[in-house]
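One-letter residues, chain by chain:
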Amino acid sequence: MIDIKEKTAETIAAIRGRTALEPEIGLILGSGLGALGDQIGKTDGSADPRDSAGPCVIPYGELPHFPKSTAPGHRGNLVIGRVPRAGGKVVFCMQGRFHYYEGYSMGEIVYPVRVMAALGIKTLILTNAAGGLDPSFTPGDLMLITDHINFTGNNPLIGPNAEDFGPRFPDMSKVYTPDLAETARRTAAALAIPLREGVYVGYSGPSFETPAEIRVFQLFGASAVGMSTVAEAIAARHCGMKILALSCITNLAAGLLDKPITAEEVTETAGRAGERFTRLMTEILKNI
Ligand code: HPA
């Protein structure tokens, strides 16, 4: 069996065969939030992929060792390119991610993060759609994640430690980098985009939570719940990456309103918040 270092080297060789760009920031886009990828130069495939001005779009299926994306609202492309409106910063953008509920192992879910780390990317931005636990939240609100609770029942670092990536027992006291959080706050204020903040609970899904579970998460002091992000954040922290994470609150969590939660509502609300989200994220990219 080949180890993670060799696997990532093979994936990186495939990426380098398609683009000469050197990405500096990793970006993982959550449900319905993939439109930000369209800010990355042209993504219609017309540009020469080796032209450093054009974006390089690689479907996950064409990358060795990459899982395929099956979740609704996820496009399943790696886009590497410059974001002209963010001062030309080069991003490694995942239009869609891998979730535990899809049946992937934790190792598969965090594989792209390890590819980013092996490529020399030092900053990771994570985004997701989430249910709001704070009754003052409104669907469409954006929330800065200040910390998380890993309620998935698993951890991507279980098993032999990937020594080339980080230590056996990584510190998690500041997963979400305070100076990146401050940049996000300042940027949102300058754009007059309200930015909530709080703790995110990572839940396995795919069933939404019960109202009793939501009451427990509220007692935990959490503000949002979702089915992603925590595993990637743990793996990125293990690799010593700086992390910024933002949630789009797509619905109020189970039991807060007397109505069922649907995947359609989640994707639709994220899509509607997409313009504001993209504007904020582009400006944050420029400022970091
Ligand atoms: N729960 C879990 N994940 C979610 C939710 C939710 O209410 N909304 C969007 N993703």
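Our subject in this report is the structure included herewith. Everything numeric in this text was worked out from a predicted model, so none of it was measured. (Residues numbered from 1 in each chain as written. Predicted model: local features only at pLDDT ≥ 70, side-chain atom pairs only at ≥ 80, totals over all residues. Heavy atoms only, no water.)

Points about the packing of helix α4 (residues 178-191) against helix α7 (residues 263-287)
Argument step 1. The interhelical angle for the contact between α4 and α7, taken along N-to-C directions, is 125°, at an axis separation of 9 Å. Relative to α7, the element α4 is oriented oblique. Considering the relative orientation of α4 and α7, their crossing is right-handed. Across the interface between the two elements, Thr183, Ala184, Thr187, Ala188 and Leu191 of α4 pack against Arg279, Leu280, Glu283, Ile284 and Asn287 of α7.
Argument step 2. Per-class residue counts for the contact of α4 with α7 are five nonpolar, three polar and two charged. (Axes fitted to C-alpha atoms, helices over the stretch in contact; angles between N-to-C directions. Helix = DSSP H or I, 4+ residues; strand = E, 2+ residues; numbered from the N terminus. Parallel < 35°, antiparallel > 145°, perpendicular 65-115°, else oblique. Left-handed = near helix turned anticlockwise from the far one by under 90°. Contact = heavy atoms within 4.5 Å. Nonpolar A, V, L, I, M, F, W, Y, C, P; charged D, E, K, R; others polar.)

So, helix α3 (residues 111-118)
Argument step 1. Of all eight residues in α3, six are buried, a share of seventy percent or more.
Argument step 2. Within α3 the residues assigned to the buried category are Tyr111, Pro112, Val113, Arg114, Val115 and Met116.
Argument step 3. Packed against the buried residues of α3 are α1 (4-16), β1 (25-29), β4 (89-95), α2 (106-109), β5 (123-132) and α6 (230-238). (Buried < 20%, exposed > 50% of the residue type's maximum accessible area, 1.4 Å probe, protein only.)

Overview of the packing of α1 against α3
Argument step 1. At a minimum axis distance of 9 Å, the contact between α1 and α3 shows a crossing angle of 75°. By the angle between their directions, the pair α1 and α3 is classed as roughly perpendicular. Residues Ile4, Lys7, Thr8, Thr11, Ile12 and Ile15 of α1 touch α3, and the partners they reach there are Tyr111, Arg114, Val115 and Ala118.
Argument step 2. For the contact of α1 with α3, the class distribution of residues is six nonpolar, two polar and two charged.

Some details on the side chain of asparagine 128
Argument step 1. Tracing the chain through its elements places asparagine 128 in strand β5.
Argument step 2. For asparagine 128, a relative accessible area of 0% corresponds to the buried category.
Argument step 3. Within the structure, the side chain of asparagine 128 is placed 2.7 Å from the side chain of serine 247, a separation counted as a polar contact.
Argument step 4. When sequence neighbours within four positions are dropped, the list of residues in contact with asparagine 128 reads Gly30, Leu33, Arg97, Ile145, Tyr200, Ser228, Thr229, Leu246, Ser247 and Cys248. (Polar contact = N/O pair within 3.5 Å; in protein donor to acceptor, adjacent residues only side chain to side chain.)

Thoughts on unusual backbone geometry
Note: most residues except glycine have negative phi, and most peptide bonds are trans.
Argument step 1. In this model, glycine 205 is joined to proline 206 through a cis peptide bond whose omega is 0°.
Argument step 2. Inspection of the secondary structure assignment puts proline 206 in the loop between β7 (195-202) and α5 (211-219).
Argument step 3. Positive phi is not limited to glycine here, since histidine 65 has a value of about 75°.
Argument step 4. By the secondary structure assignment, histidine 65 is in the loop between β2 (56-59) and β3 (77-83).
Argument step 5. Positive phi, normally seen in glycine, also occurs at alanine 192, with a value near 60°.
Argument step 6. Counting through the fold element by element, alanine 192 comes out in the loop between α4 and β7.

Quick word on the site of the ligand
Argument step 1. Near the ligand you find Ala129, Ala130, Gly131, Phe208, Glu209, Val225, Gly226, Met227, Thr250, Asn251 and Val266, and these make up its full shell.
Argument step 2. Within the side chain of glutamate 209, one N or O atom sits 2.8 Å away from a nitrogen atom of the ligand.
Argument step 3. At 2.7 Å, a side-chain N or O of asparagine 251 approaches a nitrogen atom of the ligand.
Argument step 4. For the ligand, whose accessible area on its own is 260 Å², the fraction buried by protein is 96%.
Argument step 5. Residue contributions to the shell around the ligand peak at three residues, all from β5. (Near = heavy atom within 4 Å. Areas by Shrake-Rupley, 256 points an atom, 1.4 Å probe, with all protein chains shown as cover.)

Here's the deal with the pattern of salt bridges
Between side chains of opposite charge, a pair can form when the charged atoms approach closely.
Argument step 1. Within the structure shown, the criterion is met by ten salt bridges.
Argument step 2. Arginine 18 is the salt-bridge partner of glutamate 62, the closest N and O atoms lying 3.1 Å from each other. Of the two residues, glutamate 62 sits in the loop between β2 and β3 while arginine 18 sits in the loop between α1 and β1, which places them 44 residues apart along the sequence.
Argument step 3. The partner of lysine 286 in a salt bridge is glutamate 283, and the shortest N-O contact between them spans 3.5 Å. Here glutamate 283 and lysine 286 lie together in helix α7, a separation of three residues that amounts to about one turn.
Argument step 4. According to the relative accessible area criterion, glutamate 283 is partly exposed, its value standing at 23%.
Argument step 5. One network of salt bridges, in which partners are shared, links Glu182, Arg185 and Glu197. (Salt bridge = Lys/Arg side-chain N within 4 Å of Asp/Glu carboxyl O.)

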